[in-house]
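Structure assessment
The chain contents come next:
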Amino acid sequence: MMESGFHGCDLDDSLKCKLEESGTQNTHSVMEKAAAWFRSRSIFVVAYGTGCGAIEMPPTFTSRYDAERMGVVGVATPRQADLIILSGYLAYKTLRRVIRTYEQMQKPKYIITLGSCPINGGMYWDSYNTIKKLDDYLPVDVSVVGCMPRPEAVIDGFSLLQKRIKNGEKAGWEKYDENLDFYKKNQKRVLGNHVDPSYETDWYNLENGSEV
Amino acid sequence: MIELISKLEKLSLELVQKQDYLYKVEVKKEQLESLLLSFLNEFGYITLDSINCRDDLEEGNFVITYCLLTPKRDHVVMVQTSIERENASLPSIHTFWPQAEIMEREMHEMFGVDFPGHPTLIDFALEYWDNIPPLRRDFDTLQYVNDMNPFRGQRDDALDAKVEMKKKREAKKAAKLKAEQEAAAKAELETQNNPSQEVQNEE
Ligand code: SF4
């Protein structure tokens with residue numbers, strides 16, 4: 001996107017070299033690197049309080065721990081957000097809403113989960129109504145462990161994500177696009193055909209990748 | 001309270017005291033609705049605290065308990081009835097206590113009890129549930145969970161906790177033994193070095 005307009009700009013060769021060295025996988029041009037740096041410094045968060053961990057969000061974002069000094073700001077709607085925080089266990093019912101929310105977000109988009117529940121079910125491992133492994137259904141970028149994680153840990157998760165964005169590492173949304181079959185198959189397994197908006201023409205009518 | 005007891009006696013029902021604030025009356029399903037209505041209108045039990053359901057799988061029954069309170073809040077009356085598990089159904093009492101609507105809706109979802117005449121008998125906490133209602137005892141939760149949500153596999157470099165703990169315990173034991181031996185050797189050495197002391201002591 002941005003690179004095309006800026007190819008002509010003559011950066012000092014040595015600087016260009018340095019920038020290229022510091023970046024990794026898929027930021028190619030200098031401008032992409034610059035964009036990635038800026039992006040890592042302005043993460044807009046929609047905080048989706050799915051479980052108990054939501055209680056750690058107010059101290060994280062308010063004056064006590066003040067995540068805004070790192071450029072992490074809360075926003076009102078998923079369409080304005082870069083990052084969704086899923087703070088705890090997810091019931092099937094919640095998962096439905098979360099998938100919809102995630103798909104509404106503009107790319108690039110990231111997911112941070114808090115707590116052990118989205119990793120392996122936590123203490124809800126034998127519940128008839130919660131999922132165990134969130135990364136089967138949505139691409140999780142950073143999982144902050146703890147039951148529940150303290151705001152320091154949450155901020156650590158933010159800085160890890162920022163580092164990854166800055167380095168241009170492959171993010172979850174790219175994996176989601178590439179492995180859509182896998183994710184949709186898993187979603188279909190637990191949610192059946194009931195995901196809003198109803199998918200009439202695409203993945204939901206496919207059984208193991210082939211049409212039913 | 002005396003009024004209540006005499007009225008119940010007329011209906012050949014018994015008010016049993018379970019604890020100093022807790023009373024129980026058992027009633028047949030046919031009498032339930034009229035009894036609850038008279039509790040509300042005649043005796044002023046204006047609060048329906050909760051409706052509970054117990055699954056007596058062995059007897060093939062559901063035991064339903066309505067907890068009622070007066071504005072004084074000094075005691076609770078439990079009105080208990082038992083119904084068949086098969087095609088379980090109960091009269092809806094949402095017209096007496098409006099909060100019963102949501103309690104009945106939950107019970108319908110969790111136990112599959114039907115409430116004819118209930119206005120909103122739709123999904124409550126679950127969505128699109130098509131299995132046995134989850135709080136019935138013949139629903140095998142563990143089986144269901146293992147089928148739907150298998151555990152995450154171990155990491156490749158994961159160690160076996162049992163083996164590691166055993167190793168740890170053995171190492172601890174060996175260290176303890178070694179320390180004891182060392183202490184004994186030291187003590188022996190000391191006695192060898194100062195035999196005179198011992199002799200003096202003996203004298
Ligand atoms: S990890 Fe702990 S705090 Fe977080 S949702 Fe699970 S039980 Fe609650």
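Above this text sits the structure in question.
Summarised in this report is the structure supplied together with it. (Residues numbered from 1 in each chain as written. Chains lettered and ligands numbered in written order. Predicted model: local features only at pLDDT ≥ 70, side-chain atom pairs only at ≥ 80, totals over all residues. Heavy atoms only, no water.)

What follows deals with the overall build of chain B. Counting secondary structure elements, chain B contains 6 helices and 5 strands. Reading chain B from its N end, one meets helices and strands in the order α-β-β-α-β-β-β-α-α-α-α. Here the C-alpha atoms of chain B give a radius of gyration of 33 Å, more than 25% beyond the 17 Å that 2.2 N^0.38 yields for 203 residues. Taken over 203 residues, chain B has a buried fraction of 35%. Pairs at least 24 apart in sequence give 49% of the contacts found in chain B among residues at least 6 apart. Just so you have it, chain B exposes about 13,600 Å², and 50% of that area is on carbon and sulfur atoms. Averaging the coordinates of the 25 positive side-chain charges in chain B and doing the same for the 39 negative ones gives two points 3 Å apart. (Helix = DSSP H or I, 4+ residues; strand = E, 2+ residues; numbered from the N terminus. Rg over C-alpha atoms; globule rule 2.2 N^0.38 Å. Buried < 20%, exposed > 50% of the residue type's maximum accessible area, 1.4 Å probe, protein only. Contact = heavy atoms within 4.5 Å. Areas by Shrake-Rupley, 256 points an atom, 1.4 Å probe, with all protein chains shown as cover. Lys, Arg positive; Asp, Glu negative; His and termini not counted. Charge placed at Lys NZ, Arg CZ, Asp CG, Glu CD.)

This part is about the overall build of chain A. When you go through chain A residue by residue, the secondary structure sums to 9 helices and 7 strands. Classification of the 212 residues of chain A by burial places 44% in the buried group. Of all intrachain contacts in chain A linking residues separated by at least 6 positions in sequence, the fraction that spans at least 24 positions is 75%. Carbon together with sulfur atoms contributes 52% to the accessible area of chain A, which is approximately 11,000 Å² in total.

The figure often quoted for interface size is the accessible area lost as the parts come together. With 21 residues of chain A at the interface, the matching set in chain B holds 20 residues. Between chain A and chain B lies a buried interface of about 1,800 Å² when both sides are counted; carbon and sulfur atoms form 54% of it. Summed over the shared surface of chain A and chain B, the result is 3 salt bridges. Glutamate 127 of chain B is the salt-bridge partner of arginine 97 of chain A, the closest N and O atoms lying 2.9 Å from each other. (Buried area = accessible area lost by both parts, 1.4 Å probe. Salt bridge = Lys/Arg side-chain N within 4 Å of Asp/Glu carboxyl O.)

Among the nonpolar cores identified, the biggest contains 84 residues, and Phe158 of chain A together with Phe39, Tyr66 and Val79 of chain B are the most heavily contacted of them. Those residues in contact with tyrosine 66 of chain B that sit more than four places away from it in its chain are Leu32, Leu36, Leu48, Ser50, Ile51, Val77, Met78, Val79, Leu90 and Ile93 of chain B. If you look at the next biggest cluster of nonpolar residues, it comprises 5 residues, including Leu22, Cys67, Leu69 and Val76 of chain B. (Core = buried A, V, L, I, M, F, W, Y, C linked by side-chain atoms within 4.5 Å.)

With respect to spatial proximity, the complete set of residues near the ligand consists of Cys52, Gly88, Tyr89, Gly115, Ser116, Cys117, Met123, Tyr124, Gly146, Cys147 and Met148 of chain A. Here the residues of the shell around the ligand sort into 7 nonpolar, 4 polar and no charged. (Near = heavy atom within 4 Å. Nonpolar A, V, L, I, M, F, W, Y, C, P; charged D, E, K, R; others polar.)

This part takes up the environment of isoleucine 83 of chain B. Residue and element names in this part refer to chain B. Turning to its location among the elements, isoleucine 83 is positioned in strand β5 (residues 76-84). A C-alpha to C-alpha distance of 26 Å links isoleucine 83 and glutamate 42, two positions 41 residues apart in sequence. Isoleucine 83 has contacts with Lys29, Gly60, Asn61, Phe62, Ile64, Ala88, Ser89, Leu90 and Val113, leaving out every residue within four places of it along the chain.

All names here are of chain A. Here strand β4 (residues 110-114) lies mainly inside the structure; 5 of its 5 residues are buried. Residues of β4 alternate between two faces, with Tyr110, Ile112 and Leu114 on one and Ile111 and Thr113 on the opposite face, all of them buried. With 4 bridges connecting them, strand β3 (residues 83-86) and β4 associate as parallel partners. Pairing of isoleucine 85 across the sheet is with isoleucine 112, part of β4. (Pairing = 2+ DSSP bridges.)

This part covers the packing of aromatic side chains. Under the defined criterion, the tally for this structure stands at 16 aromatic pairs over all chains. Each ring, one from phenylalanine 139 of chain B and one from tyrosine 144 of chain B, has its centre 5.3 Å from the other, and the planes form 55°; the classification is tilted. Look at phenylalanine 139 of chain B and you get buried, because its relative accessible area is 7%. An aromatic cluster is built from Tyr102, Tyr176, Phe182 and Tyr183 of chain A, whose rings are joined through pairwise contacts. Seen from the ring of tyrosine 102 of chain A, lysine 109 of chain A lies directly overhead, with NZ or CZ sitting 4.4 Å from the centre. Directly above the aromatic system of phenylalanine 151 of chain B lies the positively charged group of lysine 132 of chain A, at a separation of 4.3 Å from the ring centroid. (Phe/Tyr/Trp six-rings, centres within 6.5 Å; stacked < 30°, edge-to-face > 60°. Lys NZ or Arg CZ within 6 Å of the ring centre and 35° of its normal.)

A few words now on the side chain of threonine 60 of chain A. Summarising the element assignment, threonine 60 of chain A is placed in helix α4 (residues 57-61). Overall, threonine 60 of chain A belongs to the buried group, its relative accessible area being 1%.

Time to look at the sheet that holds strand β3 (residues 47-56) of chain B. Residues and elements named next belong to chain B. Taken together, the 5 strands give an open sheet; going across it, the order is β1-β2-β5-β4-β3, and neighbouring strands pair in mixed fashion. Edge positions in the sheet fall to β1 (15-19) and β3, since each has one partner strand and no second. Mean inter-strand twist for the sheet, computed between neighbouring axes without regard to direction, equals 25°. Across the face of the sheet, helix α2 (residues 29-41) comes into contact with β2 (22-26), β4 (61-69) and β5 while running at roughly 160° to β5. (Axes fitted to C-alpha atoms, helices over the stretch in contact; angles between N-to-C directions.)

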